[in-house]
Amino acid sequence: PSGWARVSTVHVAAAVPQPLAALTPDPVEKLPMAVDLTGFRRLELNARYTLRGDVVIHGMPTFWDVGSMHFVYCQSFLKRWAIVSKEQLDAVRKGQYPGCAVQ
C-alpha cells in the first residue's frame, strides 16, 4: 500500500464555528521601558521612572522611580497620568485618584 486509497464518493459537511477568543493588545507593548520626568519644583519627583508590568492599575502598568518611593499611573477615567507616593498605592487600587503631579 502506498498510503493512498481510491474512494467512490466524498461527503462534505459544514463545520460548526468555534467561538474565538477576543484578542486585546497588551498595553505594555505600546509603552516605553522608562520615562524621564523633569521640571518639578518638588525635586524628588524629577526622576527616571521604569516600567513595572507586575503592578497594574486601571488595566495599565505603572512606572516606578529607582527607590520605589513614587510611581506614575494612568488615571484612565480622567484620561491622564499622575505621579504619587508609594503610600497612596492602596488608595489608587481602591478607585481614588490622588496625584502629586498630573498631566
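Whatever comes next refers back to the structure up there.
Computed from a predicted model, the values in this text were never measured in an experiment.

## As for the nonpolar core
Point 1. Counting ten residues, the largest nonpolar core is built from Leu31, Leu45, Tyr49, Leu51, Met60, Phe63, Val72, Cys74, Ile83 and Ala101.
Point 2. Only β2 (47-57), β3 (60-64) and β4 (70-75) provide two or more residues apiece to this core.
Point 3. Non-local contacts of valine 72, meaning those with residues more than four positions away in its chain, are made with Leu37, Tyr49, Thr62, Phe63, Trp81, Ala82 and Ile83.
Point 4. Residues Val55, Trp64, Ala82 and Val84 belong to the second largest nonpolar core, which totals nine residues.

## Quick notes on unusual backbone geometry
Point 1. In the Ramachandran plot, histidine 58 falls in the positive-phi region, its phi being about 55 degrees despite a non-glycine side chain.
Point 2. Structurally, histidine 58 can be placed in the loop between β2 and β3.
Point 3. Its identity as a non-glycine residue notwithstanding, serine 68 has a phi of 55 degrees, on the positive side.
Point 4. One can find serine 68 in the loop between β3 and β4.
Point 5. The exposure class of serine 68 is partly exposed, given its relative accessible area of 29%.

## Description of the environment of valine 72
Point 1. Within the element layout of this structure, valine 72 appears in strand β4.
Point 2. A sequence separation of 14 residues divides valine 72 from lysine 86, and the C-alpha atoms of the two residues are 9.8 Å apart.

Reading the values: rules and limits
- Residues numbered from 1 in each chain as written.
- Predicted model: local features only at pLDDT ≥ 70, side-chain atom pairs only at ≥ 80, totals over all residues.
- Heavy atoms only, no water.
- Core = buried A, V, L, I, M, F, W, Y, C linked by side-chain atoms within 4.5 Å.
- Buried < 20%, exposed > 50% of the residue type's maximum accessible area, 1.4 Å probe, protein only.
- Helix = DSSP H or I, 4+ residues; strand = E, 2+ residues; numbered from the N terminus.
- Contact = heavy atoms within 4.5 Å.

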